[in-house]
Amino acid sequence: MITIKDVAKKAGVSISTVSRVINNSKPVSNEIRQRVLKIIEETGYTPNPLARSLVTKKSQLIGVIVPDISDFFMGELLNGIEEVGKIYDYDIVLCNSYGEPDEELKYINLLKSKQVAGIIFVSWKMDQKHVDVIEKANIPAVYISKNATEFDVYSVSINNFEASYDMTKYLIKNGNTKIAFMKSSAQDNIMDSDRYRGFKKALEESNIQMDETLVKEGDDTSESGYYLMSQILESKNIPDAVFASRDEIAVGVINCILDAGYKVPEDISVSGYNDIKLASLYRPALTTIKQPIYDMGAVSIRMIVKMINNEGLEDKKILLPYSLVERQSVQKK
């Protein structure tokens, strides 16, 4: 293992001079710089990133805290974060919190100890404690969370109210007046709350009375969607359409409908939310709201880089455009 001490000895200079060349921290004559760089090339010396960060007080690490690394949404989000991070020569330190607040706080402190240059905090539901701990650590941070809009922080999202409103109006336009809505059970979940409000607003504007028995709460899995749909079918109160607040829930809904002998979309139309990759691969392919998930990750790390470099950010809360993707799971009338 070649060390900085070995490089200094071979180049006939001090360790501090080698450090200056590597970090470009203080002036060094061109002759000495070229001599040191030649020795580094010949020996294959690679600076220790932790030791380098101790000297420069900076690291090329961005910490990313996510609630569930196996989640389809998270996978696409991380692609955006990592690929754009590479462009700016940043590596990612990934922390999987399993949605546990205590774990999230533990990882914030861990990332602080690793001297990360910034943190992208992804959480199902954040609270003021998370913000306080990160701000106390004095680390640039961007939040992607279902309730980040409640806090005075840098965040990336879409307008969930408008997106849900548009999808509901689309279902109504295609002849559906009896619409079930399935949402997460997480309390005070601002994202699903906005989606629910958009759903209700569209019904009200169309003079459609909402059937409370068709509003179901579960979790963000296909198993939950299957179970909730089975409850509806057993009640014999069959809707024209189902709007699920996540694509995973919608997939479970479709499976249940088909297992019960009904057809999608001929008997019951189904729509989802997010446009994860599975949405286009499933049959029937899922009509859904497309969140620019990759772009959310890419924009969040670009914001972090700007904050690190003290570049100005015009807006704290970035709302990215969404689109309604028409596929085969909603029957057009």
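Here, every reference points to the structure presented above.
Bear in mind that the values here come from a model prediction, so they are computed numbers and not experimental data.

### Some details on the pattern of salt bridges
Now for step 1: Going through the model one piece at a time under the given rule, you end up with 12 salt bridges.
Now for step 2: Residue E248 pairs with R246 through a salt bridge whose shortest N-O separation is 3.1 Å. Like E248, the residue R246 is buried in the burial classification.
Now for step 3: Note that D275 and R327 form a salt bridge whose closest N and O atoms lie 3.0 Å from each other. Here R327 lies in the segment after β12 (323-325) and D275 lies in the loop between β9 (269-274) and α12 (277-281), a separation of 52 residues in the sequence.
Now for step 4: Relative accessible area serves as the criterion here: at 16%, R327 is assigned to the buried category.
Now for step 5: Salt bridges sharing partners connect three or more residues here, namely D71, R246 and E248.

### Concerning the nonpolar core
Looking at soluble globular proteins, one finds that nonpolar side chains tend to be buried together.
Now for step 1: In this structure, I62, L77, I120, I179, F199 and F243 are the most contacted members of the largest nonpolar core, which totals 46 residues.
Now for step 2: No other element matches helix α13 (residues 293-308), which puts 9 residues into this core.
Now for step 3: What I179 contacts, discounting residues up to four positions off in sequence, is T168, L171, I172, F199, L203, L214, A241 and F243.
Now for step 4: Membership of the second largest hydrophobic core comes to 22 residues, among which are M182, L233, V253 and L286.

### A short note on helix α5 (residues 72-87)
Now for step 1: Taking 1.5 Å per residue, 16 residues should reach 22 Å; α5 reaches 24 Å between its end C-alpha atoms and fits that length.
Now for step 2: Every buried residue of α5 is accounted for by F73, M74, L77, L78, G80, I81, V84 and G85. Burial along α5 is one-sided: seen end-on, the buried residues are contained in an arc of 155°. Away from its buried face, by an angle of more than 90 degrees, α5 presents the exposed residues K86 and I87.
Now for step 3: Elements that come into contact with the buried residues of α5 comprise β1 (61-66), β2 (91-96), β3 (118-123), β4 (141-145), β9 and α13.

Definitions and limits used
- Residues numbered from 1 in each chain as written.
- Predicted model: local features only at pLDDT ≥ 70, side-chain atom pairs only at ≥ 80, totals over all residues.
- Heavy atoms only, no water.
- Salt bridge = Lys/Arg side-chain N within 4 Å of Asp/Glu carboxyl O.
- Buried < 20%, exposed > 50% of the residue type's maximum accessible area, 1.4 Å probe, protein only.
- Helix = DSSP H or I, 4+ residues; strand = E, 2+ residues; numbered from the N terminus.
- Core = buried A, V, L, I, M, F, W, Y, C linked by side-chain atoms within 4.5 Å.
- Contact = heavy atoms within 4.5 Å.
- Expected span 1.5 Å × (residues − 1).
- Arc of directions from axis to C-beta.

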